[in-house]
Amino acid sequence: MIELLFMASLGSVGAMAGAVGIALAPAGWRARLLPLLVAYSAGTLLAAALLGMIPRALSGLPGAQGGLAVLAGLLFFFLLERLLLWHHCHDPACQVRRASGHLLLVGDAFHNFVDGVVIAAAYITSPALGWAATLAVVAHEVPQEMGDYAVLLDSGMGRWPALGWNLLSALSTLPGALLGYLLLTQMQALTPYLLAFSAASFLYIALGDLVPRLHQQVPRSWLTLLLLLLGMLTIVALRMHHS
């Protein structure tokens, strides 16, 4: 339990701390770092989903149920994004800036809560998978929290209130992990479905948001490719270390 709460803390406060550092950096540095962070996070998300979560889910589900669970997850997150409750945006100039700052905080809190449940489901399956899920969460949360911070500033919040509300939203990972642990240990049969559903969220973020962003980085395409591969290799190395 202590290890799980530590993972959840890394998935919330750790990601927020990195985002704060980047958000307070000079604008020139932010412009250079953000595409690299997006590439690295896309690699970790894809590897964690395809090498860890989906194989584990398929091993515990008969027939095509694992694939159906992934498809259901993709449809769910598509509909959720359409409802503007969860929009992963890494560009301060994107459409979500026109949404209310309060709505953004609600959607972000929900997403972080789901991240906590994802970490708990992965940890219950195996500690190695739990660490891989945590790293993937941190990697994609850093650029997301940076984007959210910019949106809150644009909605009229001051610099420090925006950081405070962003941190409060990030802390919802902890109750998500705790609730996921308490419920999933009582209902082990749900774990493969939740892993498949969680893998769908990782794939949706990576392929629906991050990878299209990478295609816009033509001048430094070789560097984004390198960071994409590094993110994948990080998950591979983490799984080998804990195997």
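Bear in mind that the values here come from a model prediction, so they are computed numbers and not experimental data.

Go over the packing of aromatic side chains with me, naming the residues and quoting the values.
When we look at a pair of aromatic rings, we describe it by the centre distance and by the angle of the planes. A complete count under the given rule lists four aromatic pairs for this structure. Arranged with centres 5.3 Å apart and planes meeting at 40°, the rings of phenylalanine 77 and phenylalanine 197 form a pair that is tilted. Taken together, the residues phenylalanine 77 in helix 3 (residues 65-82) and phenylalanine 197 in helix 8 (residues 191-214) connect sequence positions 120 residues apart. Residue phenylalanine 77 is classed as buried on the basis of its relative accessible area of 2%. What links up through ring pairs into an aromatic cluster is the set Phe76, Phe77 and Phe197.

Outline helix 6 (residues 159-170), supporting the account with residue identities and numerical values.
Three- or four-residue spacings in an α-helix give side chains the same orientation, since the helix completes a turn every 3.6 residues. In this model, helix 6 (twelve residues) spans 17 Å end to end at C-alpha, consistent with the 16 Å of a helix rising 1.5 Å per residue. For helix 6, the complete set of buried residues consists of Ala162, Leu163, Asn166, Ser169 and Ala170. With its buried residues spanning 125° around the axis, helix 6 presents them on a single face. Along helix 6, exposed side chains directed more than 90 degrees from the buried face belong to Trp160 and Leu168.

With reference to specific residues and values, describe the nonpolar core.
Among the nonpolar cores identified, the biggest contains 51 residues, and Leu45, Met53, Leu195 and Phe202 are the most heavily contacted of them. Listing elements by their share of this core, those giving two or more residues are helix 1 (2-23), helix 2 (27-59), helix 3, helix 4 (101-125), helix 5 (127-154), helix 7 (173-184), helix 8 and helix 9 (221-242). Looking at this core element by element, the count peaks at 14 residues for helix 2. Not counting residues up to four positions away in its chain, the partners in contact with phenylalanine 202 are Leu45, Ala48, Ala49, Met53, Val118, Ala133, Ala136 and Val137.

Parameters and conventions
- Residues numbered from 1 in each chain as written.
- Predicted model: local features only at pLDDT ≥ 70, side-chain atom pairs only at ≥ 80, totals over all residues.
- Heavy atoms only, no water.
- Phe/Tyr/Trp six-rings, centres within 6.5 Å; stacked < 30°, edge-to-face > 60°.
- Helix = DSSP H or I, 4+ residues; strand = E, 2+ residues; numbered from the N terminus.
- Buried < 20%, exposed > 50% of the residue type's maximum accessible area, 1.4 Å probe, protein only.
- Expected span 1.5 Å × (residues − 1).
- Arc of directions from axis to C-beta.
- Core = buried A, V, L, I, M, F, W, Y, C linked by side-chain atoms within 4.5 Å.
- Contact = heavy atoms within 4.5 Å.

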